[in-house]
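Inside the fold
Chain by chain, the residues:
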Amino acid sequence: MASLLHPPSSLHASSSPSRSLFLGRSLPLRYCHRIRRTHQQNFKLCTVQCRLARPKESASSPSPASLVREPHKYFDQVVITVRSGDGGHGAVLNMPQPPRTGGRHEKERPKGRKKSSLKRDFDGSLILPMGGHGGDVVIYADEGKDSLLEFHQKSRYNAKRGGNADAMGVLTSQLHDGFAAPTLRIPVPVGTVVKHKRGKLLADLANPGDEVLVARGGQGGISLIEMPEHKRKKMMALTTNVMRDDSDKVLVFGQPGEEVSLELILRVVADVGLVGLPNAGKSTLLAAITRAKPDIADYPFTTLMPNLGRLDGDPSLGPGQYSSETTLADLPGLIEGAHLGKGLGRNFLRHLRRTRLLLHVVDAAAEDPVNDYRTVKEELRMYNPHYLERPYIVVLNKIDLPQASDRIAYLSEIILNIGTERTPTETEMRSEDSVESSDRGNDDDLSLEGTERNQSDKEIEDYPCPLAVVAVSVLKGIRITEMLGEIRAALRECNDIDEAKELALRT
């Protein structure tokens, strides 16, 4: 690079009246071409090719392209960082100087008790301004939210700091406390579980409006009065906020806010969960009995994220039908080996956690519907054995096809005989929400100790059999009313079980 900064030595020895090219003078034309060629060669020798390095994408912060291309991988779990606001600072104040007296032109004032212009408490002590409180951070459940995707784009949230005390160095009655910072409220979908990253559970926001304080703002600093040493004892009778030495100035500064890393896990709030193999007709069933409009196609894994639909109340309850509306959740399809990561995996099964009733949708026109049914049950058992203890109904779909219409009775009989008679046991009466889980990866993996280990050793035949087996054709609208009757009857039975749980807890 030195050759680019200095011209060749032959040019310095030139007898040209001009000193140098770099001194602003012009050279004869015959030297210009020689200089140009020399500098071109030097530039070629010193050329360095550079390119910008792209940062590696981490699993915790997916790229925007990944969020658009694969939203089903990120919609229900995210790690965010929140920080509450720092407290505002106080001030170091001096007492006001007393007015000068004895002037020639000063008018005589009537003698009596002087009225103080300083703010005082009910006991006569001085009221000193304080710094404002830092903003808190609150997470609340909002019905208008349906996923956690937006938190992957913005994963850090900071509340505002409190205002400083309004002070000019002298204590007067015009001083005010610093303004308290507003609370930072972060909306999340209903059903979001909030917990410390790799730590304890903070809250389960299962109902609209539920909220939890995750970071508390810092307290504002206090104000101190600076007085000469011989006057401090007298001032201590009015206020204890008297600065004794320079080390007390630490009290003037506001406290810092809290910074925490949180893990948000979404569990869909639904009463009925639809499970089955891909292309069994789960999305078509949801669209037929509710107003939901899920994606429906003739290829597997059309459903990548849970779809929710609202089922009308039970007409047999009369006026109570308006309070008996039910939410249905259509989950992505399960395949054999989902626990090993095949297909879409099985982590989305965490959304069955809140359901009270399961609906197994089986393609009756498949090659082996019974084996398909057993495959789904086996995946549920390996994920969480408690799921097989819940009441469930089996729906044989696509009975309008010729290969299914001839074996409806045969399939119904076999499926009804898989399992034991349903009896109210201690396992069913126990609330699953009381079981602590890690909520990471396999969200509902339970500790297999004692009774849990015995449950994991059970076979599918050791769990309760279905409440009913209904053969329908959702696409043709065949026997839909009968299926709805079975679903509502099962939900009434679930309500009776819930009432028995509450009664058992009270006693």
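Residues numbered from 1 in each chain as written. Predicted model: local features only at pLDDT ≥ 70, side-chain atom pairs only at ≥ 80, totals over all residues. Heavy atoms only, no water.

Our next topic: the confidence of the model for the protein chain. Looking at the protein chain as a whole, its pLDDT mean stands at 76, while 68% of the residues score no less than 70. When the criterion is pLDDT under 50, residues 52-59 qualifies, and its contacts beyond four places in sequence or with other chains add up to 2 contacts. (pLDDT = per-residue confidence, 0-100. Contact = heavy atoms within 4.5 Å.)

Now for the pairing of strand β7 (residues 201-205). Relative to β7, strand β6 (residues 192-196) runs antiparallel, the two sharing 4 bridges. The residue of β7 that forms the bridge with Lys-195 is Leu-201. Here β6 hands over to β7 after 4 residues, with Arg-198 in that stretch at a positive phi of 55°. (Pairing = 2+ DSSP bridges. Helix = DSSP H or I, 4+ residues; strand = E, 2+ residues; numbered from the N terminus.)

All right, on to the environment of Asp-400 then. Its location among the elements puts Asp-400 in the loop between β15 (392-397) and α9 (402-405). Once the C-alpha coordinates of Asp-400 and Gly-477 are considered, the two residues, 77 residues apart in sequence, prove to be 9.8 Å apart. Apart from the residues within four sequence positions on either side, Asp-400 is in contact with Ser-473, Lys-476 and Ile-478. A polar contact of 2.8 Å, which involves the side chain of Asp-400, links it to the side chain of Ser-473. (Polar contact = N/O pair within 3.5 Å; in protein donor to acceptor, adjacent residues only side chain to side chain.)

The mixed open sheet is built from 3 strands, whose spatial order is β5-β3-β8. Two strands close off the open sheet at either side, each with one partner strand: β5 (184-189) and β8 (211-215). Adjacent strand axes in the sheet meet at a mean angle of 30°, parallel and antiparallel pairs treated alike. Summarising the sheet, strand β3 (residues 137-142) and β5 pair through 6 bridges and their orientation is parallel. Looking at β5, one finds that Asp-142 is bridged to Pro-189. (Axes fitted to C-alpha atoms, helices over the stretch in contact; angles between N-to-C directions.)

A separate point is the pattern of salt bridges. Applying the stated criterion to the full structure yields 14 salt bridges. The partner of Arg-356 in a salt bridge is Asp-271, with the nearest N and O atoms 3.7 Å apart. With a gap of 85 residues between them, Arg-356 in the loop between β13 (326-330) and β14 (357-363) and Asp-271 in the loop between β10 (259-266) and β11 (272-275) connect regions that are remote in the sequence. For Arg-374, the salt bridge identified is with Glu-461, shortest N-O distance 2.7 Å. Separated by 87 residues along the polypeptide, Arg-374 in helix α8 (residues 369-383) and Glu-461 in the loop between α12 (451-456) and β16 (468-471) bring together distant segments of the chain. On the basis of relative accessibility, which here comes to 30%, the residue Arg-374 falls in the partly exposed class. Classification of Glu-461 as partly exposed rests on a relative accessible area of 33%. Taken together, the salt bridges that share partners define one network made up of Arg-83, Asp-86, Arg-156 and Glu-259. (Salt bridge = Lys/Arg side-chain N within 4 Å of Asp/Glu carboxyl O. Buried < 20%, exposed > 50% of the residue type's maximum accessible area, 1.4 Å probe, protein only.)

Ranked by size, the top nonpolar core spans 32 residues in total, and within it Leu-334, Leu-349, Leu-352, Tyr-373, Leu-380, Val-394 and Leu-396 carry the most contacts. Counting only elements with at least two residues in this core, the list comes to β14, α8, β15, α10 (408-416) and β16. Looking at which element gives the most residues to this core, the answer is α8, with 5 residues. Beyond its immediate stretch of four places on either side in the chain, Val-394 contacts His-360, Val-362, Tyr-373, Ile-415, Pro-466, Ala-468, Val-469 and Val-470. (Core = buried A, V, L, I, M, F, W, Y, C linked by side-chain atoms within 4.5 Å.)

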